[in-house]
Amino acid sequence: MMYTGLIEKYRNKLGISKDTKIISLGEGNTPLIKLNNSIKDINKKIDVYIKYEGLNPTGSFKDRGMTMAVTKAVETGSKAIICASTGNTSASAAAYAARAGIKCFVLIPEGKITIGKMSQAMIHGATIMQINGNFDDGMRMVKEVAEKAKVSIVNSINPYRLQGQKTAAFEIIEELGCSPDYHALPVGNAGNISAYWMGYSEYYKDNKTDKKPKMLGYQASGSAPFVSGEIIKNPETIATAIRIGNPQSWDLAQKTKKQSNGWFDSFSDQEIINIQKVLAKEEGIFCEPSSAISLAGVIKDIQNNKIADNSKVVCTLTGHGLKDPDTVIKYHNKNMIKVNPIAQEVKQAILNNM
Ligand code: F0G
């Protein structure tokens with residue numbers, strides 16, 4: 001049977017009626033890839049899987065929530081949607097609004113979203129408002145304005161977003177035959193970690209798994225309110241997707257950590273850049289910097305024995321590496337050499353680099 005997106009597949013778990021017109025781009029159904037090379041030196045019997053969410057239609061996990069949010073917005077007669085974004089939400093909102101034939105307004109922090117994400121919002125025809133401020137300022141504006149203007153908010157404070165995003169946990173349980181023992185994610189607003197926990201908890205209730213994972217949330221050191229326990233006024237990190245100091249799903253994330261016996265931790269920009277390279281070079285998996293933080297966390301927590309032997313671990317890689325080519329070219333350009341179009345020179349370059 002043709003796959004036509006996650007609402008069609010999980011309609012009864014999402015409360016979408018038979019008559020609702022679904023706005024979909026075929027999101028979800030992403031691969032779960034077992035790591036082979038990057039963890040082989042760790043000498044423990046631990047299986048680590050990547051949930052490769054960069055393979056969604058707009059290149060990030062946001063599409064899972066956006067299909068729901070836009071479907072519901074259209075169903076209730078909305079002619080426009082709005083969001084604040086560090087880039088991926090705006091890319092996804094712009095695409096799904098285009099698909100639905102409605103207007104899209106996005107507020108982005110000037111100079112702090114990657115070129116790939118910016119180009120997506122542009123090509124899909126969103127009205128882009130660059131603000132002289134960060135994501136948290138944009139979010140404040142969206143909440144204030146949406147009360148008066150006739151626009152639907154499609155940030156993750158829209159409950160339909162998390163409903164759509166929880167389906168990633170369903171897919172993992174269906175593929176593994178049970179929940180993993182640990183699930184690691186990068187955390188910004190903390191909507192996604194909360195959505196996965198909802199998904200795992202629902203399938204546990206439905207007896208589709210006999211256990212639930214510990215939820216591990218990783219943040220960038222300069223932008224780690226869940227590690228410091230307080231709002232960060234001026235968050236800063238190279239992982240611009242998670243450059244958020246005042247997470248919108250604070251309470252849900254704390255509940256997720258407590259109920260699952262999980263934890264939060266943070267990593268420096270250099271550690272993030274290093275692990276992005278490991279994934280790309282040793283596994284062939286290209287993700288954006290913020291996504292790579294999940295594996296940085298897992299490797300550290302395996303090494304310090306926080307993750308038990310004989311366990312199954314899933315890391316969500318939230319966004320595709322092509323979202324942020326600038327960072328790659330800035331930090332990972334060491335393997336480029338210049339040669340003249342002379343066979344001898346090319347042959348020599350091959351020999352030198354075998
Ligand atoms: N990874 C990526 C690639 C993201 O774009 C985001 C959030 C996250 C992780 C964090 O997810 O907020 O649910 O904890 N990006 C939002 C945006 C904020 O505007 O695109 P979260």
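Residues numbered from 1 in each chain as written. Predicted model: local features only at pLDDT ≥ 70, side-chain atom pairs only at ≥ 80, totals over all residues. Heavy atoms only, no water.

### Description of the site of the ligand
Among the 21 residues in the neighbourhood of the ligand, the closest are listed as Ser-85, Thr-89, Asn-189, Ala-190 and Thr-318. One of the side-chain N or O atoms of Lys-62 is found 2.8 Å from a nitrogen atom in the ligand. Thr-318 has a polar side-chain atom sitting 2.7 Å from a nitrogen atom of the ligand. Mapping the ligand onto the cavity grids shows that it belongs to the largest cavity. (Near = heavy atom within 4 Å. Polar contact = N/O pair within 3.5 Å; in protein donor to acceptor, adjacent residues only side chain to side chain. 1 Å grid on protein atoms, 1.4 Å probe; cavity = no way out; pocket = protein on both sides within 12 Å on 5 of 7 lines; lining within 4 Å. Sits in = over half its atoms within 2 Å of the grid points.)

### Details of empty space enclosed by the protein
One way to see where empty space is left: roll a probe the size of a water molecule over the atoms. Scanning the entire structure with this criterion turns up one cavity of 30 Å³ or more. Lining the largest cavity are 28 residues, and of these Phe-61, Lys-62, Asn-189, Ala-241 and Ile-242 lie nearest its centre. Listed by contribution, the elements that provide at least two residues to the lining of the largest cavity are helix H3 (88-100), helix H6 (159-165), helix H8 (191-205) and helix H12 (289-303). The greatest single-element share of the lining of the largest cavity, amounting to three residues, is contributed by H8. (Points joined across faces, edges and corners; volume = space filled by probe spheres on them. Helix = DSSP H or I, 4+ residues; strand = E, 2+ residues; numbered from the N terminus.)

### A look at the side chain of Glu-288
Of note, Glu-288 is situated in the loop between helix H11 (269-283) and H12. You can call Glu-288 buried: its relative accessible area is 2%. (Buried < 20%, exposed > 50% of the residue type's maximum accessible area, 1.4 Å probe, protein only.)

### Quick notes on H8
For the α-helix, the turn length of 3.6 residues means that residues three or four positions removed from each other point alike. An ideal rise of 1.5 Å per residue puts 21 Å on 15 residues; H8 measures up with 21 Å between its terminal C-alpha atoms. Of all the positions in H8, only Gly-191, Asn-192, Ile-193, Ser-194, Ala-195, Tyr-196, Trp-197, Gly-199, Tyr-200 and Tyr-203 are classed as buried. Just downstream of H8 lies Asn-207, where phi reads positive at about 60 degrees. (Expected span 1.5 Å × (residues − 1).)

### Re the packing of aromatic side chains
All told, the structure shown has seven aromatic pairs when counted by the stated rule. Measuring from ring centre to ring centre gives 6.4 Å for Tyr-196 and Tyr-200, while their planes differ by 35 degrees; the resulting arrangement is tilted. Residue Tyr-196 and its partner Tyr-200 are both found in helix H8; the two are separated by four residues, about one turn of the helix. Here Tyr-200 falls in the buried class, since its relative accessible area comes to 0%. Both rings, one in Phe-226 and one in Trp-250, keep their centres 4.6 Å apart while their planes meet at 20 degrees; by these two values the pair is stacked. Here Phe-226, found in helix H9 (residues 225-228), pairs with Trp-250, found in helix H10 (residues 250-260); they are 24 residues apart in sequence, far enough to count as distant. Judged by relative accessible area, Phe-226 falls into the buried class, the value being 6%. (Phe/Tyr/Trp six-rings, centres within 6.5 Å; stacked < 30°, edge-to-face > 60°.)

Any functional reading would require information beyond the geometric quantities listed.
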